[in-house]
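Here is what each chain is made of, one letter per residue.
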Amino acid sequence: MDLDYWLSRAADAIADWETTFGAYDAHPALAVSDEQFAAAFGEFTDRLKDNYPFFHPAYAGQMLKPPHPAAVVGYLATMLINPNNHALDGGPATAAMEKEVVSQLAAMFGFVAHFGHLTTSGTIANLEALFVARELHPGRGVAYSAEAHYTHGRMCGVLGIAGTSVGVDAAGRIDVGELDKLLASGKIGTVVATAGTTGLGAIDQVHDILDVTRRHGVRVHVDAAYGGFFTLLAGQDGPAGLDPAPWRAIAQCDSVVIDPHKHGLQPYGCGAVLFADPDVGRFYLHDSPYTYFTSGDLHLGEISLECSRAGAAAAALWLTFRLLPPTPTGLGGVVAAGRRAALDWARRLTASQILELYQPPELDIVCYFPAADSMSAIDAGSARILQAGMTSAEEPVFLSTLRVTADAIARRHPGIVADSDGARVLRSVLMKPEQETYVPRLHDRLERLAVLAASG
Ligand SMILES: Cc1ncc(COP(=O)(O)O)c(C=O)c1O
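The structure presented is a predicted model; accordingly, all values stated were derived computationally and were not measured.

(A) Representation of the pattern of salt bridges. Applying the stated criterion to the full structure yields 13 salt bridges. In this structure, Arg134 and Glu135 form a salt bridge, with 2.9 Å as the shortest nitrogen-oxygen distance. On the basis of relative accessibility, which here comes to 30%, the residue Glu135 falls in the partly exposed class. We note a salt bridge from Arg448 to Glu395, for which the minimum N-O separation is 2.8 Å. Taken together, the residues Arg448 in helix H15 (residues 435–455) and Glu395 in the loop between helix H13 (375–391) and strand E10 (400–405) connect sequence positions 53 residues apart. For Glu395, a relative accessible area of 32% translates into the label partly exposed. Salt bridges sharing partners connect three or more residues here, namely Glu395, Asp444, Arg445 and Arg448.

(B) Inspection of the sheet that holds strand E9 (residues 365–370) at higher detail. Judged by pairing direction, the sheet is antiparallel, and its four strands sit side by side in the order E8-E9-E11-E10 without closing on themselves. Sheet topology places strand E8 (355–357) and E10 at the edges, where each strand pairs with a single neighbour. Sheet twist, expressed as the average angle between the axes of neighbouring strands with direction ignored, equals 40°. Alignment of E9 against strand E11 (residues 422–429), held across four bridges, turns out to be antiparallel. By the bridge assignment, Cys367 is partnered in E11 with Arg427.

(C) Structural context of H13. The first and last C-alpha atoms of H13 sit 24 Å apart over 17 residues, in line with the 24 Å expected at 1.5 Å per residue. Within H13 the residues assigned to the buried category are Met375, Ile378, Asp379, Gly381, Ser382, Ile385 and Gly389. Looking at the packing, one finds that the buried side of H13 touches E9, helix H14 (406–412), E11 and H15.

(D) Spotlight on the pairing of strand E6 (residues 255–258). Here E6 shows a buried face lined by Ser255 and Val257 and a second buried face lined by Val256 and Ile258. Inspection of the sheet shows strand E5 (residues 219–224) paired to E6 by four bridges, in the parallel sense. Note that in E6 the partner of Val222 across the bridge is Val256. Each parallel crossover has a hand, and the one from E5 via helix H9 (residues 244–249) to E6 is right-handed. Relative to strand E7 (residues 271–275), E6 runs antiparallel, the two sharing four bridges. Residue pairing for E7: Ile258 is matched across the bridge by Ala272.

(E) Inspection of the state of the cysteines at higher detail. Under the criterion given, the structure shown has zero disulfides. Here Cys253 is not disulfide-linked; the sulfur of Cys156 is the nearest cysteine sulfur, at 17 Å. Cys307 takes part in no disulfide bond, and the closest cysteine sulfur, belonging to Cys270, lies 18 Å away. Cys307 gets classed as partly exposed once you look at its relative accessible area, which sits at 45%.

(F) Region of the structure containing a nonpolar patch on the surface. Together, Val32, Phe37, Phe41, Phe44 and Leu48 line one region of the surface with nonpolar side chains, adding up to about 500 Å² of accessible area. Structurally, the position occupied by Phe37 is in helix H2 (residues 34–48). Since its relative accessible area comes to 45%, Phe37 is described here as partly exposed.

So, how was this worked out
Within any chain, residue numbers begin from 1 and follow the written order of that chain's sequence. Given that the model is predicted, a residue must reach a pLDDT of at least 70 before its local features are reported, and side-chain atom pairs must reach 80 or more before they are shown or counted; all residues, however, enter totals for whole chains, interfaces and linings. Computation of side-chain values: all heavy atoms of the structure, hydrogens and water removed. Salt bridges are defined by distance alone: a side-chain nitrogen of Lys or Arg within 4 Å of a carboxyl oxygen of Asp or Glu. Three exposure classes are used, based on accessible area relative to the maximum for each residue type with a 1.4 Å probe and protein chains only: buried under 20%, partly exposed in between, and exposed over 50%. Going along the chain from the N terminus, every DSSP run of H or I of four or more residues is numbered as a helix, and every run of E of two or more is numbered as a strand. In this analysis, strands are considered paired if DSSP registers two or more bridges between them. Between N-to-C directions, angles cover 0 to 180 degrees, with each direction set by a line fitted to C-alpha atoms, over the stretch in contact for helices. Take the residue count of a helix, subtract one, and multiply by 1.5 Å to get its expected span. Between two residues, a contact is recorded if the distance between any of their heavy atoms is within 4.5 Å. A crossover counts as right-handed when, viewed with the strands pointing away from the observer, the path leading from the first strand over the helix to the second turns clockwise. In this description, a disulfide is simply a cysteine sulfur pair whose atoms lie within 2.5 Å. Like-charged residues within 9 Å of one another, or nonpolar side chains (Val, Leu, Ile, Met, Phe, Trp, Tyr) within 5 Å, are grouped into patches, provided each residue has over 30% relative accessible area and no salt bridge. Every accessible area reported is derived by Shrake-Rupley at a probe size of 1.4 Å, with residue values counting cover from the shown protein chains alone.

In structure tokens form, the structure reads like this:
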């Protein structure tokens, strides 16, 4: 789609709508001349160049990429009106869109009933899930794996809940045996299962976790902020297909979080929290003397912890889902390309004499390191490759690093000398479908950088 054309159509469409309310005088306090704007804009666009090229397949670092053009047009058009999804009086159209996209997400996870809303981030969405966990099991704690996102421990602190970290297996998934023993103490009310860990993309075995938690009368919250849209690949044929067991089990869990601003092609901030039991809405009940006046219907602010939220975020997601819905043939095609890219790179890394695969990728995150005998050499080599890639003028490549413990390395690569307490390894999130055909170039570039790093 032609972004320039649709951006100007968006501005025109909103201007046309505005004229239906009658003419009025613009206030001189807001007046800015084109000359003034040109000067500020030049400075502004220069400042924006101080960025990494998140759009380019050579950016293979963190979970970052620009939104789909449909989301850009949807966001911009709506931002010209600037509705606030806190209340129906803040933006009826976008509140309705929010309810529709939330229903689509709930259907994607197989929830029979649901209660949920968008949030500004995965962190806030998880905070809401943990808040409900605390209300349902006051005095009982929350357990999550040592590989869970750091914000779970942090938000437990905010909520005054005891958070307990559980060990992981050799693939970075929560150790279900250890969890079982912990739950026998009766002190835990909710377990957080991560469907796609931030560091490695490991998938906690949600179905096994459910077996254990059911025996102990414990709830399960699934943090699928990063991995959620990969449920579209569950049980699919072909190399991108995933074992359906953990993904299908999400439908039996108590709540789930997903971030459309990660694999849902959205700009920041767009997270979502969904609860299986609509009755948990009672924990959100509050009154507000200055909102909720246009309708007796449920306002989104009545069922969320945040007050103001961008209606534009709901609109952008709604418009994107019209074109690329959360179905195997819609967004599924996008995440499948990243998954195939990760598998292809893993094969090349396994065959390489220069680089080593840290562990087989489960989703679209690949971790690897320069082949070396010791952990300190791996750490130094990874740091040199990261730096050399980012500062190369002719052929830049952008990666990220993951700090792993000596024990975690030894479990996967027993031959490596543990001369330090851990090492940084290189980490690439292949979340742009264009990376599927770019992997050979990435691999070749990384091998050359590793040779240089070893010699220098
Ligand atoms: C599994 C997981 N949970 C939670 C978060 C936090 O999400 P956000 O950065 O949107 O607050 C992330 C971010 O990467 C994540 O990967």
